[in-house]
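Structural description and commentary
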Amino acid sequence: MICSVQTLGITGIQGKAVTAECYISNGLPGFDIVGLPDAAVKEARERVRAAAKSSGLAFPVSRITVNLAPANLKKAGTHYDLPILISILCACGSVRRPKNTTAFLGEVGLDGSVRPVSGVLPMALAAKNEGIQCLMVPAENAPEATLARGPKVIPVHTVQELAAGLNGETVLPEAPVWEPSPEAAQMLDFKDVLGQENVKRALEVAAAGSHNVLLIGPPGSGKSMLSKRLPSILPDMTWEESLEVSQIYSVMGLLTSKKPLVMTRPFRSPHHTVSNAGLAGGGSNPRPGEISMAHKGVLFLDELPEFKKDTLDIMRQPLEDGKVTISRVSGTVTYPAECMLVCAMNPCKCGWYGDPSGRCRCSDSAVDSYRSRISGPMLDRIDIVVEVPAVHFEDLRSRAEAEPSAAVKKRVNSARDLQNKRFGSGGMCNARMGPDEMRRYCELSGECAELMKNAFETMGLTARSYDRILKVARTVADLEGSETIEPQHIAEAIQYRAVNLGNR
Ligand SMILES: Nc1ncnc2c1ncn2[C@@H]1O[C@H](COP(=O)(O)OP(=O)(O)OP(=O)(O)O)[C@@H](O)[C@H]1O
Ligand SMILES: [Mg+2]
Ligand SMILES: [Zn+2]
(Lines give C-alpha, C1' and ligand atoms only; values in the text may rest on other atoms or scores of the structure.)
(Ligands and ions follow the chains in the order given, each with its own letter.)
Protein backbone atom coordinates (compact mmCIF):
# COMPACT_ATOMS: atom_id res chain seq x y z
CA MET A 1 0.00 0.00 0.00
CA ILE A 2 1.44 3.36 -1.07
CA CYS A 3 0.13 6.72 0.03
CA SER A 4 1.52 10.16 -0.66
CA VAL A 5 0.92 13.41 1.20
CA GLN A 6 1.96 16.93 0.21
CA THR A 7 4.29 19.06 2.29
CA LEU A 8 6.96 21.69 1.73
CA GLY A 9 10.67 22.08 2.24
CA ILE A 10 12.99 25.02 2.42
CA THR A 11 16.42 25.95 1.05
CA GLY A 12 17.73 29.33 2.14
CA ILE A 13 14.52 31.31 2.38
CA GLN A 14 12.98 29.64 -0.65
CA GLY A 15 10.12 27.20 -0.10
CA LYS A 16 9.81 24.08 -2.30
CA ALA A 17 7.08 21.49 -2.77
CA VAL A 18 7.91 18.10 -1.22
CA THR A 19 5.90 14.88 -1.24
CA ALA A 20 6.01 12.38 1.62
CA GLU A 21 5.38 8.89 0.19
CA CYS A 22 4.80 5.99 2.48
CA TYR A 23 5.12 2.34 1.48
CA ILE A 24 4.04 -0.37 3.87
CA SER A 25 5.16 -3.90 3.05
CA ASN A 26 5.28 -7.25 4.75
CA GLY A 27 8.49 -8.34 6.29
CA LEU A 28 10.38 -7.67 9.44
CA PRO A 29 8.99 -4.61 11.24
CA GLY A 30 11.13 -1.55 10.57
CA PHE A 31 10.88 2.16 9.85
CA ASP A 32 13.10 3.99 7.36
CA ILE A 33 13.05 7.57 6.12
CA VAL A 34 14.89 8.24 2.85
CA GLY A 35 15.33 11.30 0.61
CA LEU A 36 18.37 13.04 2.13
CA PRO A 37 16.96 13.58 5.62
CA ASP A 38 19.12 15.28 8.24
CA ALA A 39 19.35 14.09 11.84
CA ALA A 40 16.20 15.96 12.95
CA VAL A 41 14.15 14.41 10.15
CA LYS A 42 15.45 10.91 10.96
CA GLU A 43 14.42 11.35 14.58
CA ALA A 44 10.87 11.89 13.35
CA ARG A 45 10.55 8.07 13.49
CA GLU A 46 10.47 8.04 17.26
CA ARG A 47 8.20 11.07 17.64
CA VAL A 48 5.75 9.90 15.01
CA ARG A 49 5.36 6.40 16.46
CA ALA A 50 4.76 7.69 19.99
CA ALA A 51 2.39 10.45 18.81
CA ALA A 52 0.20 7.93 16.97
CA LYS A 53 0.02 5.64 20.00
CA SER A 54 -0.76 8.54 22.39
CA SER A 55 -3.51 9.73 20.07
CA GLY A 56 -5.15 6.31 20.10
CA LEU A 57 -4.45 5.65 16.43
CA ALA A 58 -3.32 2.29 15.07
CA PHE A 59 0.31 2.35 13.96
CA PRO A 60 1.29 -0.45 11.57
CA VAL A 61 3.62 -3.18 12.78
CA SER A 62 5.15 -3.82 9.34
CA ARG A 63 8.01 -2.62 7.22
CA ILE A 64 7.50 1.14 6.73
CA THR A 65 9.47 3.17 4.19
CA VAL A 66 8.89 6.90 3.89
CA ASN A 67 10.43 8.71 0.94
CA LEU A 68 10.63 12.48 0.85
CA ALA A 69 10.57 13.45 -2.83
CA PRO A 70 12.33 15.04 -4.70
CA ALA A 71 14.97 12.75 -3.25
CA ASN A 72 17.90 15.01 -4.25
CA LEU A 73 16.75 17.99 -2.17
CA LYS A 74 18.24 18.06 1.32
CA LYS A 75 15.54 17.87 4.00
CA ALA A 76 16.13 19.61 7.31
CA GLY A 77 13.90 20.56 10.20
CA THR A 78 11.14 19.04 12.27
CA HIS A 79 8.17 20.16 10.18
CA TYR A 80 8.22 16.87 8.25
CA ASP A 81 6.86 14.99 11.31
CA LEU A 82 3.23 15.70 10.53
CA PRO A 83 3.24 14.82 6.80
CA ILE A 84 5.25 11.67 7.57
CA LEU A 85 2.74 10.64 10.22
CA ILE A 86 -0.28 11.37 8.02
CA SER A 87 1.21 9.43 5.10
CA ILE A 88 1.70 6.39 7.36
CA LEU A 89 -1.78 6.64 8.88
CA CYS A 90 -3.28 6.90 5.36
CA ALA A 91 -1.27 3.97 4.08
CA CYS A 92 -2.51 1.74 6.90
CA GLY A 93 -6.04 3.05 6.61
CA SER A 94 -6.31 4.82 9.99
CA VAL A 95 -7.26 8.10 8.36
CA ARG A 96 -8.84 9.01 5.06
CA ARG A 97 -6.54 10.13 2.29
CA PRO A 98 -6.43 13.95 2.03
CA LYS A 99 -6.74 15.73 -1.31
CA ASN A 100 -3.45 16.26 -3.06
CA THR A 101 -3.99 20.03 -2.90
CA THR A 102 -3.79 19.82 0.90
CA ALA A 103 -0.34 20.21 2.46
CA PHE A 104 0.81 19.52 6.03
CA LEU A 105 3.53 21.07 8.19
CA GLY A 106 4.32 20.56 11.83
CA GLU A 107 6.37 18.94 14.53
CA VAL A 108 4.65 16.36 16.72
CA GLY A 109 5.25 15.74 20.40
CA LEU A 110 5.30 12.31 22.00
CA ASP A 111 1.90 13.10 23.54
CA GLY A 112 0.35 13.75 20.13
CA SER A 113 0.42 17.54 20.32
CA VAL A 114 1.39 19.54 17.24
CA ARG A 115 4.18 22.04 17.87
CA PRO A 116 5.21 25.20 16.03
CA VAL A 117 8.04 25.10 13.50
CA SER A 118 10.20 27.69 11.75
CA GLY A 119 10.07 28.80 8.13
CA VAL A 120 6.27 28.62 7.75
CA LEU A 121 5.94 31.93 5.91
CA PRO A 122 8.27 31.10 2.98
CA MET A 123 6.69 27.65 2.78
CA ALA A 124 3.19 29.13 2.71
CA LEU A 125 4.27 31.48 -0.09
CA ALA A 126 5.67 28.51 -2.01
CA ALA A 127 2.43 26.60 -1.38
CA LYS A 128 0.54 29.45 -3.02
CA ASN A 129 2.76 29.16 -6.11
CA GLU A 130 2.38 25.38 -6.19
CA GLY A 131 -1.39 25.62 -6.25
CA ILE A 132 -1.92 24.17 -2.77
CA GLN A 133 -5.45 25.09 -1.63
CA CYS A 134 -5.39 24.05 1.99
CA LEU A 135 -2.51 24.26 4.43
CA MET A 136 -2.64 22.43 7.77
CA VAL A 137 -0.15 24.02 10.17
CA PRO A 138 0.52 24.10 13.92
CA ALA A 139 -1.98 26.50 15.53
CA GLU A 140 0.77 28.85 16.64
CA ASN A 141 2.03 29.22 13.06
CA ALA A 142 -1.41 29.83 11.57
CA PRO A 143 -1.34 33.67 11.65
CA GLU A 144 2.04 33.60 9.90
CA ALA A 145 0.76 31.19 7.23
CA THR A 146 -2.22 33.40 6.41
CA LEU A 147 0.17 36.24 5.46
CA ALA A 148 0.80 34.46 2.16
CA ARG A 149 -2.78 35.40 1.22
CA GLY A 150 -2.92 32.11 -0.65
CA PRO A 151 -4.18 28.71 0.53
CA LYS A 152 -6.76 28.50 3.28
CA VAL A 153 -5.03 27.82 6.58
CA ILE A 154 -6.27 25.25 9.10
CA PRO A 155 -4.68 25.50 12.55
CA VAL A 156 -3.96 22.11 14.11
CA HIS A 157 -3.53 21.56 17.86
CA THR A 158 -3.26 17.79 18.17
CA VAL A 159 -2.85 14.75 15.96
CA GLN A 160 -6.10 13.34 17.33
CA GLU A 161 -8.04 16.44 16.30
CA LEU A 162 -6.46 16.34 12.84
CA ALA A 163 -7.29 12.66 12.34
CA ALA A 164 -10.91 13.27 13.33
CA GLY A 165 -11.05 16.18 10.89
CA LEU A 166 -9.60 14.15 8.01
CA ASN A 167 -12.04 11.32 8.71
CA GLY A 168 -14.93 13.76 8.51
CA GLU A 169 -15.92 13.29 12.15
CA THR A 170 -15.43 16.97 12.96
CA VAL A 171 -14.98 20.12 10.94
CA LEU A 172 -11.66 21.87 11.36
CA PRO A 173 -12.23 25.64 11.40
CA GLU A 174 -10.21 27.89 9.10
CA ALA A 175 -7.86 30.50 10.62
CA PRO A 176 -8.86 34.14 10.08
CA VAL A 177 -6.46 36.12 7.89
CA TRP A 178 -4.07 38.02 10.15
CA GLU A 179 -4.30 41.77 9.70
CA PRO A 180 -1.63 44.13 10.97
CA SER A 181 -2.81 46.68 13.52
CA PRO A 182 -0.90 49.93 13.83
CA GLU A 183 1.67 49.55 16.54
CA ALA A 184 3.17 52.34 18.56
CA ALA A 185 6.67 51.10 19.19
CA GLN A 186 8.63 52.95 21.86
CA MET A 187 11.76 54.25 20.19
CA LEU A 188 14.59 56.49 21.24
CA ASP A 189 14.00 59.98 19.88
CA PHE A 190 16.35 62.44 18.17
CA LYS A 191 15.00 65.25 20.31
CA ASP A 192 17.33 64.10 23.11
CA VAL A 193 20.39 64.86 20.99
CA LEU A 194 21.52 68.44 21.45
CA GLY A 195 23.30 70.24 18.63
CA GLN A 196 24.96 68.01 16.00
CA GLU A 197 22.68 69.42 13.31
CA ASN A 198 25.07 68.41 10.50
CA VAL A 199 25.15 64.83 11.65
CA LYS A 200 21.38 64.66 11.96
CA ARG A 201 21.00 66.01 8.45
CA ALA A 202 23.44 63.40 7.15
CA LEU A 203 21.52 60.63 8.90
CA GLU A 204 18.28 61.94 7.44
CA VAL A 205 19.74 61.78 3.92
CA ALA A 206 21.13 58.31 4.62
CA ALA A 207 17.79 57.03 5.91
CA ALA A 208 15.92 58.49 2.96
CA GLY A 209 18.02 56.71 0.32
CA SER A 210 19.42 53.84 2.41
CA HIS A 211 23.00 55.05 2.04
CA ASN A 212 25.94 53.70 4.04
CA VAL A 213 27.26 56.05 6.74
CA LEU A 214 30.42 56.37 8.80
CA LEU A 215 30.37 58.57 11.91
CA ILE A 216 33.77 59.61 13.11
CA GLY A 217 34.51 61.64 16.23
CA PRO A 218 35.97 61.85 19.73
CA PRO A 219 34.64 59.83 22.70
CA GLY A 220 31.35 60.97 24.16
CA SER A 221 30.38 63.11 21.20
CA GLY A 222 27.18 61.14 20.70
CA LYS A 223 27.98 58.72 17.86
CA SER A 224 26.39 55.72 19.52
CA MET A 225 23.56 57.90 20.80
CA LEU A 226 22.78 59.23 17.31
CA SER A 227 22.97 55.83 15.62
CA LYS A 228 20.66 54.19 18.14
CA ARG A 229 18.04 56.79 17.31
CA LEU A 230 18.11 55.96 13.60
CA PRO A 231 15.19 53.46 13.75
CA SER A 232 12.89 56.33 14.70
CA ILE A 233 13.43 58.07 11.34
CA LEU A 234 13.66 55.09 9.00
CA PRO A 235 10.94 55.14 6.33
CA ASP A 236 7.90 52.87 6.73
CA MET A 237 8.12 49.50 5.01
CA THR A 238 5.89 48.55 2.11
CA TRP A 239 3.93 45.29 2.34
CA GLU A 240 6.34 43.58 -0.06
CA GLU A 241 9.32 44.64 2.03
CA SER A 242 7.66 43.44 5.24
CA LEU A 243 6.98 40.04 3.69
CA GLU A 244 10.57 39.75 2.47
CA VAL A 245 12.06 40.58 5.86
CA SER A 246 9.55 38.37 7.67
CA GLN A 247 10.64 35.39 5.57
CA ILE A 248 14.18 35.68 6.94
CA TYR A 249 12.88 36.00 10.51
CA SER A 250 10.56 33.07 9.89
CA VAL A 251 13.48 30.84 8.88
CA MET A 252 15.31 31.93 12.04
CA GLY A 253 12.22 30.99 14.06
CA LEU A 254 11.80 34.52 15.39
CA LEU A 255 8.18 35.18 14.45
CA THR A 256 5.45 34.66 17.03
CA SER A 257 1.72 34.12 16.66
CA LYS A 258 1.10 37.59 18.13
CA LYS A 259 3.58 39.28 15.84
CA PRO A 260 3.90 37.15 12.69
CA LEU A 261 4.99 40.08 10.51
CA VAL A 262 8.04 42.32 10.82
CA MET A 263 6.61 45.80 10.42
CA THR A 264 9.45 48.02 11.51
CA ARG A 265 12.80 48.06 9.79
CA PRO A 266 15.33 45.87 11.56
CA PHE A 267 18.21 47.49 13.44
CA ARG A 268 21.02 45.05 14.15
CA SER A 269 24.09 45.97 16.13
CA PRO A 270 26.39 42.95 16.46
CA HIS A 271 29.24 43.17 18.94
CA HIS A 272 32.72 43.43 17.44
CA THR A 273 33.59 39.89 18.56
CA VAL A 274 31.05 38.51 16.06
CA SER A 275 32.32 35.59 13.98
CA ASN A 276 32.50 35.61 10.20
CA ALA A 277 29.53 33.25 9.96
CA GLY A 278 27.63 35.26 12.54
CA LEU A 279 28.00 38.40 10.48
CA ALA A 280 27.64 37.17 6.92
CA GLY A 281 25.80 33.90 7.47
CA GLY A 282 27.02 30.32 7.15
CA GLY A 283 27.65 27.28 9.28
CA SER A 284 27.39 23.65 8.23
CA ASN A 285 23.61 24.00 8.31
CA PRO A 286 23.59 27.47 6.71
CA ARG A 287 21.76 30.21 8.57
CA PRO A 288 21.37 33.90 7.78
CA GLY A 289 23.90 36.21 9.44
CA GLU A 290 23.48 39.69 10.89
CA ILE A 291 23.82 41.27 7.45
CA SER A 292 20.73 39.34 6.29
CA MET A 293 18.88 39.93 9.54
CA ALA A 294 19.38 43.64 8.78
CA HIS A 295 17.80 43.24 5.33
CA LYS A 296 15.87 46.44 4.45
CA GLY A 297 17.04 47.96 7.72
CA VAL A 298 20.25 49.03 9.44
CA LEU A 299 23.41 47.11 10.25
CA PHE A 300 25.18 49.15 12.90
CA LEU A 301 28.85 48.45 13.55
CA ASP A 302 29.90 50.47 16.59
CA GLU A 303 33.66 50.86 17.22
CA LEU A 304 34.41 49.81 13.65
CA PRO A 305 38.22 49.40 13.99
CA GLU A 306 37.68 46.82 16.75
CA PHE A 307 36.11 44.39 14.26
CA LYS A 308 38.48 41.85 12.77
CA LYS A 309 39.69 42.98 9.39
CA ASP A 310 38.77 39.77 7.60
CA THR A 311 35.31 39.80 9.19
CA LEU A 312 34.71 43.24 7.69
CA ASP A 313 36.13 42.27 4.35
CA ILE A 314 33.75 39.35 3.84
CA MET A 315 30.97 41.93 3.80
CA ARG A 316 32.38 43.67 0.77
CA GLN A 317 30.60 41.60 -1.85
CA PRO A 318 27.25 41.32 0.00
CA LEU A 319 27.17 45.09 0.52
CA GLU A 320 27.52 45.62 -3.19
CA ASP A 321 25.16 42.88 -4.39
CA GLY A 322 22.56 43.03 -1.64
CA LYS A 323 22.76 39.27 -1.15
CA VAL A 324 24.99 36.62 0.40
CA THR A 325 25.64 33.31 -1.28
CA ILE A 326 26.89 30.47 0.89
CA SER A 327 28.34 27.41 -0.83
CA ARG A 328 28.42 24.04 0.86
CA VAL A 329 28.99 20.52 -0.39
CA SER A 330 25.24 20.05 -0.05
CA GLY A 331 24.52 23.00 -2.36
CA THR A 332 24.39 26.77 -2.31
CA VAL A 333 21.92 29.00 -0.54
CA THR A 334 21.35 32.70 -1.07
CA TYR A 335 20.05 35.10 1.54
CA PRO A 336 19.04 38.68 0.78
CA ALA A 337 21.21 41.33 2.45
CA GLU A 338 20.15 44.78 1.32
CA CYS A 339 21.05 46.67 4.42
CA MET A 340 22.14 50.18 5.17
CA LEU A 341 25.53 50.05 6.87
CA VAL A 342 26.11 52.50 9.71
CA CYS A 343 29.53 52.55 11.34
CA ALA A 344 30.98 54.60 14.16
CA MET A 345 34.64 55.07 15.08
CA ASN A 346 37.09 57.35 16.83
CA PRO A 347 39.60 59.13 14.61
CA CYS A 348 42.58 57.58 16.44
CA LYS A 349 43.46 55.27 19.30
CA CYS A 350 43.17 57.97 21.99
CA GLY A 351 40.10 59.35 20.26
CA TRP A 352 40.98 63.02 20.02
CA TYR A 353 42.83 63.37 16.71
CA GLY A 354 41.85 66.61 15.01
CA ASP A 355 40.07 68.00 18.09
CA PRO A 356 40.61 71.75 18.50
CA SER A 357 41.79 71.19 22.09
CA GLY A 358 44.88 69.49 20.64
CA ARG A 359 44.90 66.81 23.30
CA CYS A 360 45.66 63.93 20.89
CA ARG A 361 49.15 62.60 21.54
CA CYS A 362 49.13 59.87 18.85
CA SER A 363 52.00 59.88 16.36
CA ASP A 364 51.15 60.06 12.67
CA SER A 365 52.10 56.45 12.19
CA ALA A 366 49.90 55.40 15.11
CA VAL A 367 46.95 57.23 13.55
CA ASP A 368 47.70 55.59 10.22
CA SER A 369 47.91 52.12 11.69
CA TYR A 370 44.65 52.63 13.61
CA ARG A 371 42.84 53.64 10.45
CA SER A 372 44.44 50.99 8.28
CA ARG A 373 42.39 48.40 10.18
CA ILE A 374 39.61 49.38 7.82
CA SER A 375 40.49 48.55 4.25
CA GLY A 376 40.24 51.05 1.42
CA PRO A 377 37.64 48.98 -0.49
CA MET A 378 35.48 48.92 2.64
CA LEU A 379 35.69 52.72 2.96
CA ASP A 380 34.95 53.10 -0.72
CA ARG A 381 31.55 51.52 -0.05
CA ILE A 382 30.61 54.25 2.38
CA ASP A 383 28.56 57.03 0.83
CA ILE A 384 28.43 59.47 3.68
CA VAL A 385 31.26 60.21 6.07
CA VAL A 386 30.40 62.68 8.83
CA GLU A 387 32.53 64.15 11.52
CA VAL A 388 30.82 64.22 14.90
CA PRO A 389 32.65 66.92 16.86
CA ALA A 390 32.49 67.20 20.65
CA VAL A 391 29.26 68.94 21.70
CA HIS A 392 29.49 72.69 22.32
CA PHE A 393 28.99 73.85 25.87
CA GLU A 394 26.27 76.27 24.76
CA ASP A 395 24.24 73.45 23.20
CA LEU A 396 24.48 71.39 26.36
CA ARG A 397 23.69 74.24 28.69
CA SER A 398 20.61 75.46 26.85
CA ARG A 399 19.06 71.94 26.99
CA ALA A 400 16.73 73.19 24.28
CA GLU A 401 14.70 70.33 22.88
CA ALA A 402 15.77 69.51 19.35
CA GLU A 403 13.51 68.56 16.42
CA PRO A 404 11.59 65.36 17.28
CA SER A 405 12.08 62.24 15.18
CA ALA A 406 8.48 62.29 13.95
CA ALA A 407 9.10 65.47 11.94
CA VAL A 408 12.26 64.05 10.37
CA LYS A 409 10.54 60.75 9.61
CA LYS A 410 7.82 62.60 7.73
CA ARG A 411 10.37 64.10 5.35
CA VAL A 412 12.17 60.77 4.99
CA ASN A 413 8.88 59.04 4.22
CA SER A 414 7.95 61.47 1.46
CA ALA A 415 11.41 61.11 -0.10
CA ARG A 416 11.02 57.31 0.00
CA ASP A 417 7.52 57.58 -1.48
CA LEU A 418 9.05 59.34 -4.47
CA GLN A 419 11.52 56.45 -4.84
CA ASN A 420 8.74 53.88 -4.55
CA LYS A 421 6.86 55.67 -7.32
CA ARG A 422 10.00 55.69 -9.43
CA PHE A 423 11.11 52.09 -8.91
CA GLY A 424 7.91 50.29 -7.83
CA SER A 425 6.97 49.18 -4.34
CA GLY A 426 9.45 46.30 -4.14
CA GLY A 427 11.60 48.43 -1.88
CA MET A 428 14.23 49.46 -4.41
CA CYS A 429 15.84 52.71 -3.31
CA ASN A 430 18.36 55.23 -4.57
CA ALA A 431 21.34 53.44 -3.01
CA ARG A 432 20.50 50.31 -5.06
CA MET A 433 20.26 51.98 -8.48
CA GLY A 434 22.03 50.13 -11.28
CA PRO A 435 23.60 51.67 -14.38
CA ASP A 436 20.26 51.81 -16.22
CA GLU A 437 18.44 53.62 -13.45
CA MET A 438 21.36 55.98 -12.98
CA ARG A 439 21.29 56.91 -16.63
CA ARG A 440 17.58 57.66 -16.39
CA TYR A 441 17.30 59.40 -13.05
CA CYS A 442 20.69 61.01 -12.42
CA GLU A 443 21.09 63.18 -15.45
CA LEU A 444 23.41 66.12 -14.88
CA SER A 445 23.15 69.65 -16.23
CA GLY A 446 26.30 71.36 -17.51
CA GLU A 447 26.86 73.11 -14.21
CA CYS A 448 26.47 69.91 -12.18
CA ALA A 449 28.82 68.04 -14.51
CA GLU A 450 31.41 70.75 -13.99
CA LEU A 451 31.13 70.36 -10.20
CA MET A 452 31.53 66.61 -10.48
CA LYS A 453 34.53 66.99 -12.77
CA ASN A 454 36.25 69.22 -10.25
CA ALA A 455 35.55 66.84 -7.41
CA PHE A 456 36.74 63.86 -9.44
CA GLU A 457 40.06 65.52 -10.13
CA THR A 458 40.74 67.13 -6.77
CA MET A 459 39.47 64.31 -4.54
CA GLY A 460 40.87 61.44 -6.62
CA LEU A 461 37.49 59.66 -6.71
CA THR A 462 37.06 56.09 -7.89
CA ALA A 463 34.41 55.17 -10.41
CA ARG A 464 32.43 53.63 -7.57
CA SER A 465 32.58 56.72 -5.40
CA TYR A 466 31.60 58.86 -8.38
CA ASP A 467 28.43 56.79 -8.76
CA ARG A 468 27.78 56.87 -5.05
CA ILE A 469 27.98 60.67 -4.94
CA LEU A 470 25.39 60.83 -7.71
CA LYS A 471 23.08 58.49 -5.81
CA VAL A 472 23.35 60.57 -2.64
CA ALA A 473 22.69 63.70 -4.70
CA ARG A 474 19.56 62.00 -6.05
CA THR A 475 18.37 61.43 -2.47
CA VAL A 476 19.11 65.03 -1.46
CA ALA A 477 17.03 66.17 -4.46
CA ASP A 478 14.22 63.78 -3.43
CA LEU A 479 14.19 65.20 0.08
CA GLU A 480 13.61 68.59 -1.50
CA GLY A 481 10.99 67.17 -3.85
CA SER A 482 13.05 68.19 -6.85
CA GLU A 483 12.67 66.31 -10.13
CA THR A 484 16.16 67.20 -11.34
CA ILE A 485 19.50 67.11 -9.57
CA GLU A 486 20.65 70.69 -8.96
CA PRO A 487 24.17 71.96 -8.20
CA GLN A 488 23.41 72.42 -4.48
CA HIS A 489 22.39 68.75 -4.24
CA ILE A 490 25.66 67.66 -5.83
CA ALA A 491 27.57 70.01 -3.54
CA GLU A 492 26.00 68.50 -0.43
CA ALA A 493 26.70 64.96 -1.65
CA ILE A 494 30.34 65.81 -2.41
CA GLN A 495 30.77 67.32 1.02
CA TYR A 496 29.77 63.99 2.58
CA ARG A 497 32.80 62.37 0.99
CA ALA A 498 35.22 65.19 1.56
CA VAL A 499 36.21 64.15 5.11
CA ASN A 500 39.87 63.25 4.98
CA LEU A 501 40.42 59.74 6.23
CA GLY A 502 44.08 59.62 5.30
CA ASN A 503 44.05 56.21 3.67
CA ARG A 504 41.81 56.80 0.72
N1 LIG B 1 24.66 65.80 21.41
C2 LIG B 1 24.38 65.31 22.61
N3 LIG B 1 23.28 65.71 23.27
C4 LIG B 1 22.98 65.21 24.50
N5 LIG B 1 23.71 64.29 25.13
C6 LIG B 1 24.82 63.85 24.54
C7 LIG B 1 25.21 64.32 23.24
N8 LIG B 1 26.34 63.71 22.90
C9 LIG B 1 26.64 62.87 23.90
N10 LIG B 1 25.75 62.96 24.90
C11 LIG B 1 25.78 62.20 26.17
O12 LIG B 1 26.99 61.49 26.21
C13 LIG B 1 26.77 60.09 26.31
C14 LIG B 1 27.80 59.33 25.51
O15 LIG B 1 27.55 59.46 24.15
P16 LIG B 1 27.87 58.28 23.14
O17 LIG B 1 27.92 56.99 23.83
O18 LIG B 1 26.96 58.38 21.99
O19 LIG B 1 29.33 58.68 22.69
P20 LIG B 1 30.19 58.06 21.52
O21 LIG B 1 30.43 59.14 20.53
O22 LIG B 1 29.60 56.83 21.03
O23 LIG B 1 31.54 57.79 22.29
P24 LIG B 1 32.62 56.61 22.09
O25 LIG B 1 33.48 57.01 20.95
O26 LIG B 1 33.36 56.59 23.38
O27 LIG B 1 31.85 55.35 21.83
C28 LIG B 1 25.36 59.91 25.84
O29 LIG B 1 24.77 58.78 26.41
C30 LIG B 1 24.67 61.18 26.26
O31 LIG B 1 24.25 61.08 27.58
MG1 LIG C 1 30.06 54.80 21.19
ZN1 LIG D 1 45.00 60.33 19.27
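Residues numbered from 1 in each chain as written. Chains lettered and ligands numbered in written order. Predicted model: local features only at pLDDT ≥ 70, side-chain atom pairs only at ≥ 80, totals over all residues. Heavy atoms only, no water.

Let's talk about the nonpolar core
For soluble globular proteins, the rule of thumb is that nonpolar side chains tend to be buried together. With 46 residues, the main nonpolar core has Leu203, Val213, Leu215, Leu230, Met340, Ile384 and Ile490 as its most contacted residues. Contact partners of Met340, with chain neighbours within four places excluded, come to Ala206, Ala207, Ser210, His211, Asn212, Val213, Leu230, Leu234, Gly297, Val298 and Leu299. Counting 41 residues, the second largest nonpolar core, distinct from the first, contains Phe31, Leu57, Val114 and Leu162. (Core = buried A, V, L, I, M, F, W, Y, C linked by side-chain atoms within 4.5 Å. Buried < 20%, exposed > 50% of the residue type's maximum accessible area, 1.4 Å probe, protein only. Contact = heavy atoms within 4.5 Å.)

Some thoughts on the coordination of the zinc ion (ligand 3)
Distances from the zinc ion (ligand 3) to its protein donors, namely Cys348 (SG), Cys350 (SG), Cys360 (SG) and Cys362 (SG), fall within the range 2.1 to 2.4 Å. Around the zinc ion (ligand 3) sit four donor atoms; with metal-centred angles ranging over 106 to 113°, the donor geometry is tetrahedral. Linear spacing of the donor residues for the zinc ion (ligand 3) on their chain is C-x1-C-x9-C-x1-C. In this pair, Cys350 sits in the loop between strand 17 (340-345) and helix 14 (364-371) while Cys360 sits in the loop between strand 17 and helix 14, placing the two residues ten residues apart along the sequence. A relative accessible area of 32% means that Cys350 is categorised as partly exposed. (Donors = N, O, S within 2.8 Å, 3.2 Å for Na, K, Ca; no water. Tetrahedral: all angles 85-135°; square planar, octahedral: opposite > 155°, others 65-115°. Helix = DSSP H or I, 4+ residues; strand = E, 2+ residues; numbered from the N terminus.)

Quick word on the side chain of Ser55
On the secondary structure map, Ser55 appears in the loop between helix 2 (44-54) and strand 4 (63-69). On the basis of relative accessible area, Ser55 is assigned to the buried category, the value being 8%. For Ser55, the side chain forms a polar contact with the main-chain oxygen of Ala51, separated by 2.7 Å. Ignoring anything within four residues of it in the chain, the contact list for Ser55 reads Gly112, Val159 and Gln160. (Polar contact = N/O pair within 3.5 Å; in protein donor to acceptor, adjacent residues only side chain to side chain.)

Some details on the sheet that holds strand 10 (residues 213-216)
Adjacent strands of a sheet form backbone hydrogen bonds with each other and so pair up, either parallel or antiparallel. Spatially, 11-14-17-10-18 is the arrangement adopted by the five strands of the open sheet, whose pairing is parallel. At either margin of the open sheet sits one strand with a lone partner, and together these are strand 11 (267-268) and strand 18 (384-387). Of the pairings in the sheet, the one linking strand 14 (residues 298-301) to strand 17 comprises four bridges and is parallel in character. Following the sheet pairing, Leu301 is matched in strand 17 by Cys343. (Pairing = 2+ DSSP bridges.)

A few points about the pairing of strand 15 (residues 323-328)
Two strands pair when backbone bridges link them, and strand 15 and strand 16 (residues 331-336) are joined in this way by six bridges, in the antiparallel orientation. Its bridge partner being in strand 16, Ser327 is matched across the sheet by Thr332.

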